[in-house]
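Fold and geometry: a report
Read off the chains here:
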Amino acid sequence: MSALSFAAAMALTATPAQAQATRTWVSGVGDDVNPCSRTAPCKTFAGAISKTAAGGEINCLDPAGFGAVTIIKSMTISCPYTEGGALAGGNGIVVNLPAVTDSVYIRGLDIFGVNPPSNGIRMIGQGSLYVEDSTIRRFNAANSFGISFQPSGGAMLYVSNTTIADNGNGATGGGILVQPTGAGGNGKVSIKNVRLVNNASNGLKVDSTGNTNLSGLTVGITDSQFDGNGNGVTAINAGGTNPVAMMIADSTLNNNVGAGLIGNGSSMAIRVKNTTITGNALGITSFGGAAITTYGNNSLIGNPTNGAANNGAFTGPVGFQ
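On a predicted model such as this, the values are computed, not experimentally measured, just so you know.

Some thoughts on the nonpolar core
- Judged by nonpolar contacts, the single largest core of 64 residues is most densely connected at Phe45, Leu204 and Met246.
- Those residues in contact with Leu204, other than ones at most four positions away along the chain, are Ile176, Val178, Ile191, Ile221, Phe226, Gly232, Val233, Thr234 and Met246.

As structure tokens, this is what we get:
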């Protein structure tokens, strides 16, 4: 065989191993040396990600734990029909996307923290993150969160039909942290049908303190449960000059050790509709000029101290309830 023919033959042999597939598979009995096809699956998400094309999808063939992974391109990890576990010390899933147009979908996963845990899902960079039909639990070190959303550029977070429980430790950490860190861009967060329960410091903490470069941040919460946490929802914009707007609708903020709802900062606007706030040590409170506005159809009752917004003066048509 001539040298040219030999080189051509070797190139043809190497091409399939180097190719990235649009859909790849993982299995508890797989092997990361495999091509991650359905008949020859990989064993871990980390092993499959390098063999999955940008915009592609990783699926689970059978119930197993598939380990932690870092995602730096648009893709989906989806395991809704079997146990797709990620047992993780450190961060379970890190999402670091380079472009605002990139997006990652996490669907049907059980993300569980082991010592020493950091965060269940941590997003930095920019782009969009979707977390659907999942459970994130027991990332219970100091400053650990179930989801840490700290983008450095324009980014969006969508969480739906997900349970986030038993995260954080003592006075720090909790369920979801929304804390944009970068200059420019804006942030959008949507939380729908999410159960944030028994998290250490806060079920949800939105904190844009001192970020004067953020062009805007909006947080929408519907049909969600903030129960048994340190505080239910804490929203802080101390020192921030650009507006942060939060809407809470059709939700419960119940039985939290501290407050059900806290607002802080003159550029913080919180609107509350058809929501029950009960069984907390303190129902609601705001300071630093934060505005909590009611639609007049909430239930603020049964807290030892129901509290008051806006230095004791509620806004809205007929008071908070």
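Having seen it, we continue.
Quick word on the state of the cysteines
- One pass over the full model with this rule turns up two disulfides.
- Two residues, Cys36 and Cys42, share a disulfide whose sulfurs are 1.8 Å apart. On the S-S bond that ties Cys36 to Cys42, the torsion sits near -70 degrees, and the link is left-handed.
- Overall, Cys36 belongs to the buried group, its relative accessible area being 1%.
- Here Cys42 falls in the buried class, since its relative accessible area comes to 0%.
- The residue that forms a disulfide with Cys60 is Cys79, at a sulfur-sulfur distance of 1.9 Å.

Digging into the packing of aromatic side chains
- One pass over the structure, following the stated rule, counts three aromatic pairs.
- Arranged with centres 5.3 Å apart and planes meeting at 50 degrees, the rings of Phe45 and Phe66 form a pair that is tilted. In this pair, Phe45 is assigned in helix H2 (residues 45-49) and Phe66 in the loop between strand S3 (64-65) and strand S4 (69-71), connecting sequence segments 21 residues apart.
- Taken together, a centroid distance of 4.8 Å and an interplanar angle of 10 degrees make the contact between Tyr130 and Tyr158 stacked. With Tyr130 in strand S11 (residues 127-132) and Tyr158 in strand S14 (residues 155-165), the pair connects residues that are 28 residues apart, well separated along the chain.
- Judged by its relative accessible area of 28%, Tyr158 is partly exposed.

Comments concerning the confidence of the model for the protein chain
- The share of residues in the protein chain with pLDDT of 70 or more is 88%, and the mean pLDDT across the chain is 89.
- Counted against residues more than four places away or in other chains, residues 6-17, with its pLDDT under 50, gives one contact.

Section: the pairing of strand S16 (residues 187-197)
- Strand direction decides the pairing type here: S14 and S16, joined by ten bridges, are parallel. What sits directly across from Val159, in S16, is Ile191.
- Relative to strand S18 (residues 217-222), S16 is paired through six bridges, and the arrangement is parallel. What sits directly across from Lys192, in S18, is Thr222.

Calculation criteria
Residues numbered from 1 in each chain as written. Predicted model: local features only at pLDDT ≥ 70, side-chain atom pairs only at ≥ 80, totals over all residues. Heavy atoms only, no water. Core = buried A, V, L, I, M, F, W, Y, C linked by side-chain atoms within 4.5 Å. Buried < 20%, exposed > 50% of the residue type's maximum accessible area, 1.4 Å probe, protein only. Contact = heavy atoms within 4.5 Å. Disulfide = S-S within 2.5 Å. Phe/Tyr/Trp six-rings, centres within 6.5 Å; stacked < 30°, edge-to-face > 60°. Helix = DSSP H or I, 4+ residues; strand = E, 2+ residues; numbered from the N terminus. pLDDT = per-residue confidence, 0-100. Pairing = 2+ DSSP bridges.

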